[in-house]
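Structural characterization, general
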Amino acid sequence: MQEAAAPRISFVSLGCPKALVDSERIITRLRAEGYELARKHDGADVVIVNTCGFLDSAKQESLTAIGEAMAENGKVIVTGCMGAEPEQIEQAYPGVLSITGPQQYESVLEAVHRALPPVHNPHLDLVPPQGIKLTPRHYAYLKISEGCNNRCSFCIIPKLRGDLVSRPANDVLREAERLVGAGVRELLVISQDTSAYGVDLRYAASPWKDREVRAKFVDLAKELGELGAWVRLQYVYPYPHVDEVVPLMAEGKVLPYLDIPFQHASPEILKAMRRPAAQDKTLTRIGAWRAQCPELTLRSTFIVGFPGETEADFSYLLDWLDEAELDRVGCFKYEPVRGATSNALPNPVPDEVKQERWNALMARQQKISARKLKRKVGTRQQVIIDEVGPTVAKGRSKADAPEIDGSVYLSSRRPLRVGEIVTAKIDRSDEYDLHGSVAGF
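Report follows, based on the coordinates. Note that the structure is predicted; figures quoted are calculated from it, not measured.

Conventions and cut-offs
- Residues numbered from 1 in each chain as written.
- Predicted model: local features only at pLDDT ≥ 70, side-chain atom pairs only at ≥ 80, totals over all residues.
- Heavy atoms only, no water.
- Phe/Tyr/Trp six-rings, centres within 6.5 Å; stacked < 30°, edge-to-face > 60°.
- Buried < 20%, exposed > 50% of the residue type's maximum accessible area, 1.4 Å probe, protein only.
- Lys NZ or Arg CZ within 6 Å of the ring centre and 35° of its normal.
- Core = buried A, V, L, I, M, F, W, Y, C linked by side-chain atoms within 4.5 Å.
- Helix = DSSP H or I, 4+ residues; strand = E, 2+ residues; numbered from the N terminus.
- Contact = heavy atoms within 4.5 Å.
- Pairing = 2+ DSSP bridges.
- Axes fitted to C-alpha atoms, helices over the stretch in contact; angles between N-to-C directions.

One pass over the full model with this rule turns up 7 aromatic pairs. Between Y139 and Y141 the ring centres are 6.4 Å apart and the planes differ by 85 degrees, which places this aromatic pair in the edge-to-face class. A residue is classified by how much of its surface remains accessible, and Y141, at 5% relative accessible area, is buried. Measuring from centroid to centroid gives 5.9 Å for Y237 and Y239, while their planes differ by 20 degrees, and the two rings are stacked. Accessibility assignment for this pair places Y237 and Y239 in one class, buried. Three or more aromatic residues joined by ring pairs make a cluster, and in this case those are F154, F306 and Y334. Against the face of Y203 rests K216, its NZ or CZ located 4.9 Å from the ring centre. Directly above the aromatic system of Y139 lies the positively charged group of R396, at a separation of 5.3 Å from the ring centroid.

The next point concerns the nonpolar core. Residues L258, L326 and L361 are the most contacted members of the largest nonpolar core, which totals 52 residues. When residues of this core are assigned to their parent elements, the largest contribution, 6 residues, is made by helix α11 (residues 311-324). When near neighbours in sequence (up to four residues on either side) are disregarded, L326 contacts F262, I286, R290, L298, S300, F302, W320, L321, Q365, I368 and K372. Within the second largest apolar cluster, 15 residues are counted, among which are L30, V46, I77 and L116.

Before going further, it helps to examine the sheet that holds strand β19 (residues 421-429). The sheet built from 5 strands closes into a barrel, its strands ordered β16-β17-β18-β20-β19 with mixed pairing. Pairs of neighbouring strands in the sheet enclose a mean axial angle of 55 degrees, with direction left out of account. As judged from the 6 bridges shared by β19 and strand β20 (residues 434-440), these two strands associate in the antiparallel manner. Paired with S429 across the two strands is L434, which belongs to β20.

Just distances and angles here, no functional claims.
Right, here's the structure in full:
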């Protein structure tokens, strides 16, 4: 008797790493039910598009992806942040099979089952314990909470994803242990507001191994640091209790790296943005962190052209950058987002001024980044290998997160393996990257 062919799903995942984790969970569930993944839309029975709805440009990218899936396949299921406000999708593509918001895994699976019932086959129903990952095998995103309690005026994430909902500490640690056991060498800890982890649970403890672990940022970081993998903390707000994590970095328990979305420095603009945490004390806090952990790398993102931003506000931001000497900086030109309260603010900044300010900030930061990288020439750095080539391998130091930061390009006398961590001697630098050779394994 011939077995029925396994149903095939094509998947598009757009947006941030938090959405990527959602995609991984959906794919893991589908693979457990015997579905296969198709590389192309026209070779699939159904297409799932996990959308991003944060900015108008992201919404347009999502609509384009849906349109391509409709044209190449015709059977399309839409989920993700843009699905929380489905009217625009329904208007553009009334023929989509289903539209659901973020984190609605069960609804996505039900839509797949309706369009394409699973074929149960014990040989296909095997999924590795760590689940299906869309990242390379040697690193993985570890999402510790959903949603956000902040109400920044330019952001609609709480409307799309709801208020903060933290996972119990033992649930996070079990997933992390499975990932490390499956070969993951780097855990990237993410959420909408990583340092607020556990607030909604009142930091309740849960049993882990032979002890109780509180659902608190520093406690979780400490436990993750015992698993033997690099632990990188992303999307951290500069709350005072972040100070408690820096000693763990100095001890080598977690990577000396903080991704903090400062967004601006001018007190007036930060007030208009409704940003949390005591921003006026940030430079003092950064100085104290570096005194405790000189190897600390700080990356951040900023918005220029926010409504009401004056030349004085922008000059304040540039001066702040000079003093802060952040290692890595990303910059966005302000975009109105439908549903954001910042849309009602007076004194919008003209597009040409936004562009000028973006150019000026990036030029200023490029000099800072290049100067800081040059200080690493002659040093030895641990590097995790992401890609191997015939003569040169590409990797990242402890100061570099995947996709968003720089790279380290290495020559080696013996072939390197993806996921391997080596010691490199840094020979030269440019604006964003380092170059060197392997000095130890």
